[in-house]
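# Per-entry structural report
Each chain is listed here by its residues.
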Amino acid sequence: MVKTVGPPIQKGSTVLLPNAAALYDDDSFLTYGRAGLAAHDALKCALAEMEGAEGVCLYPSGLAAVTGAVLAVLQGGDEVLAADNIYKPSRRFCDNVLKRYGVAVRYFDPRLSPEALLDLAGEKTRLIMMESPGSLTFEMMDLAAVAALAKTRGILTLTDNTWGAGYFFKPLEHGVDISVQALTKYVGGHSDVFMGSAAARDSALVRRLEDGVHNLGWSVSAEDAYQMLRGLRTLPTRLKAQGDAALRIAQWLAGQPEVAEVIHPALPGAVDHDLWARDYSGACGLFGFVLRGRTPQAADAFLDALQLFGLGFSWGGFESLAIVSDPQLGKRKFAPTYDGPLMRLHIGLEAEDDLMADLRRGLDAFAAAR
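Being a predicted model, the structure only gives us computed values, none of them experimental. (Residues numbered from 1 in each chain as written. Predicted model: local features only at pLDDT ≥ 70, side-chain atom pairs only at ≥ 80, totals over all residues. Heavy atoms only, no water.)

## Looking at the packing of aromatic side chains
Per the stated rule, a full pass over the model turns up six aromatic pairs. An angle of 75° between the planes, with centres 5.7 Å apart, marks the rings of Trp163 and Tyr280 as edge-to-face. Residue Trp163 is found in the loop between strand S5 (156-160) and strand S6 (178-181), and its partner Tyr280 is found in the loop between helix H8 (273-279) and strand S9 (286-291); the two are separated by 117 residues along the sequence. When the centroid spacing of 5.8 Å and the interplanar angle of 75° are considered together, the rings of Phe289 and Phe302 count as edge-to-face. With Phe289 in strand S9 and Phe302 in helix H9 (residues 296-305), this pair connects stretches of sequence that are 13 residues apart. We classify Phe302 as buried; its relative accessible area is 0%. Over the ring of Tyr107 we find Arg91, and its NZ or CZ is 3.9 Å from the ring centre. (Phe/Tyr/Trp six-rings, centres within 6.5 Å; stacked < 30°, edge-to-face > 60°. Helix = DSSP H or I, 4+ residues; strand = E, 2+ residues; numbered from the N terminus. Buried < 20%, exposed > 50% of the residue type's maximum accessible area, 1.4 Å probe, protein only. Lys NZ or Arg CZ within 6 Å of the ring centre and 35° of its normal.)

## A look at the domain arrangement of the protein
Taken domain by domain, the protein comprises domain 1 (20-230) and domain 2 (234-368). Each of domain 1 and domain 2 has a C-alpha centre, and these two points are 27 Å apart. Contacts between the two partners involve 38 residues from domain 1, matched on the other side by 45 residues from domain 2. Interface area for domain 1 against domain 2, summed over the two sides, is near 3600 Å², with a carbon-plus-sulfur share of 63%. The three residues of domain 1 that bury the most area against domain 2 are Trp163, Phe168 and Tyr186, which together make up 25% of that side's buried surface. The salt bridge partner of Arg332 is Asp84, with a shortest N-O separation of 2.9 Å. There are 19 residue pairs in polar contact (both at pLDDT 80 or more) connecting domain 1 and domain 2. (Domains from an automatic or database assignment. Contact = heavy atoms within 4.5 Å. Buried area = accessible area lost by both parts, 1.4 Å probe. Salt bridge = Lys/Arg side-chain N within 4 Å of Asp/Glu carboxyl O. Polar contact = N/O pair within 3.5 Å; in protein donor to acceptor, adjacent residues only side chain to side chain.)

## Details of the pattern of salt bridges
Scanning the model with the defined rule gives 16 salt bridges in all. Between Lys11 and Glu223 there is a salt bridge, with the nearest N and O atoms lying 2.9 Å from each other. In this pair, Lys11 sits in the segment before helix H1 (38-51) while Glu223 sits in helix H7 (residues 222-254), placing the two residues 212 residues apart along the sequence. Judged by its relative accessible area of 29%, Glu223 falls in the partly exposed class. Residue Glu258 is joined to Arg360 by a salt bridge in which the shortest nitrogen-to-oxygen separation is 2.7 Å. Pair noted here: Glu258 is in the loop between H7 and strand S8 (259-263) and Arg360 is in helix H10 (residues 352-369), with a separation of 102 residues, a long-range link.

## Here we look at the side chain of Lys185
Considering the arrangement of structural elements, one finds Lys185 in the loop between S6 and strand S7 (196-200). One buried charge, Lys185, has no salt-bridge partner; the nearest side chain with opposite charge is Asp160, at 7.3 Å. Those residues in contact with Lys185, other than ones at most four positions away along the chain, are Tyr87, Thr162, Ser314, Trp315, Gly316 and Gly317. (Lys, Arg positive; Asp, Glu negative; His and termini not counted.)

## What to know about helix H3 (residues 88-98)
All buried positions along H3 are accounted for by Pro89, Ser90, Arg91, Phe93, Cys94 and Leu98. Those residues of H3 hidden inside the fold are in contact with helix H2 (62-73), strand S2 (79-83), strand S3 (104-108) and strand S4 (125-131).

## Points about the sheet that holds S2
Remark on secondary structure: sheet strands pair via backbone hydrogen bonds, oriented parallel or antiparallel. Within the open sheet, the seven strands sit side by side as S1-S7-S6-S5-S4-S2-S3. Their pairing is mixed. Each edge of the open sheet is held by one strand with a lone partner, namely strand S1 (55-59) and S3. Across the sheet, the mean angle separating the axes of adjacent strands is 20° when strand polarity is ignored. Looking at chain direction, S6 and S7 are connected through four bridges and run antiparallel. Bridged to Val180 within S7 is Ala198. (Pairing = 2+ DSSP bridges. Axes fitted to C-alpha atoms, helices over the stretch in contact; angles between N-to-C directions.)

## Remarks on the state of the cysteines
Applying the stated criterion across every chain, the model contains zero disulfides. No disulfide involves Cys45; its sulfur sits 12 Å from the nearest other cysteine sulfur, which is in Cys57. The class for Cys45 is exposed, based on a relative accessible area of 54%. (Disulfide = S-S within 2.5 Å.)

## Some points on the pairing of strand S11 (residues 321-324)
Here strand S10 (residues 310-311) runs beside S11; their pairing, made up of two bridges, is parallel. Following the sheet pairing, Leu311 is matched in S11 by Ala322. With four bridges connecting them, S11 and strand S12 (residues 342-346) associate as antiparallel partners. Note on S12: the bridge partner recorded for Val324 is Met343.

Encoded structure:
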C-alpha cells in the first residue's frame, strides 16, 4: 500500500474479522465500523496526546460531546451543579432533558469561590459542569481548586474547554475529570465540519464514556474525522495568530470613546487576568466588550455597519464574527449587568488594520444612532 502523510479514509460499516473466535471478542477486535476506523483512530490518538488523556471519544457535534459525556456518568436521582454561564444549548439540555429523566440541575454563580461552590453540593450531587471562560461573559473559575475539592467528595468535574481548545489550557492536568471540546470551532478551524470530543485520564471513566458512545449510537464520518485531523495540524499556528491579533484589537478597543469596557481575561488588568496567566499558555480570538450607551437600536447599527466581520454565532474558524450577546443572557440566574450592550467578537485571520477600520466604522454608526 502507498504510504501518505495522512491516514486512509475508510468507508465501511462491516468490519471483517480474522477468525471465528474474534466474532464476539469485543474487547480485542473492532467489530463494527461505527466505532471508528483509521482516520478516527489517528484523530483520537492526536487529541489524547494534546490533552494528556488516557482516552478520547468523538461525537457528531460539540453539544453532543457535552450531552453524551453527561449521560454517560449520571443516572436518575443524581444532581448536577452547573455554572450559570454554560453554553446556551448545554443549558437547554439540562433543563429539557436531564430533568425529564430524574436528574436535578442547580445553577451556580461562576464567580463563587471553590469553597462556596462545594458548600452547595449535597448527598446526590454527582457532577459539576463548568465553562471557563464563559463564551459570552468570559468569567473564569479556578478549575484546579474546584476539581481538588470535588475529588474529596467523590464528585466528578467536567468543563467545556472549547476556548482553550485543549492546547492553551489542559483541564486534565489541573485535575478536572472530563475535558469537552466543540472540535467544530478551533480544531476544525474552517467553519465547515461538526464534531466534539470528550477526554479523560482515568481508565474507568474512559470506559464509561466509550460505553456511552456505543450505547447511544454516536458516530462520526471518516471524512469528518480526516478534516478534523487536518485542522489539528495547523491549530497552534492559527490559534497564536488569532489570539495575538485579538489581544491587540482588544487593547485598541479599550481606548475608543464608544467602548465602556473590554472583557478579555488575557488583557492586563482584567478581573481574571491573574488566573488566566497562571493556567493558560495563550488566548484564543474570542472576547467581549461593552458599548457605552443603553440603546439596543444603536447596537444593531454597529453590527449592520460592519463589512469584514460576519454576523454569526459559531466561532473558531478563519473568519471574524460579531454578535450582540444580551438576548442570550435572559435565562441566566446570576447574569452580570453592564453599562451598555454586550458585544462579542471572534477575530479571524484577516489583517488587523482592516479589522480595526471595520470596527471603527461600526463604532461611528453606533455613535450616530445613540
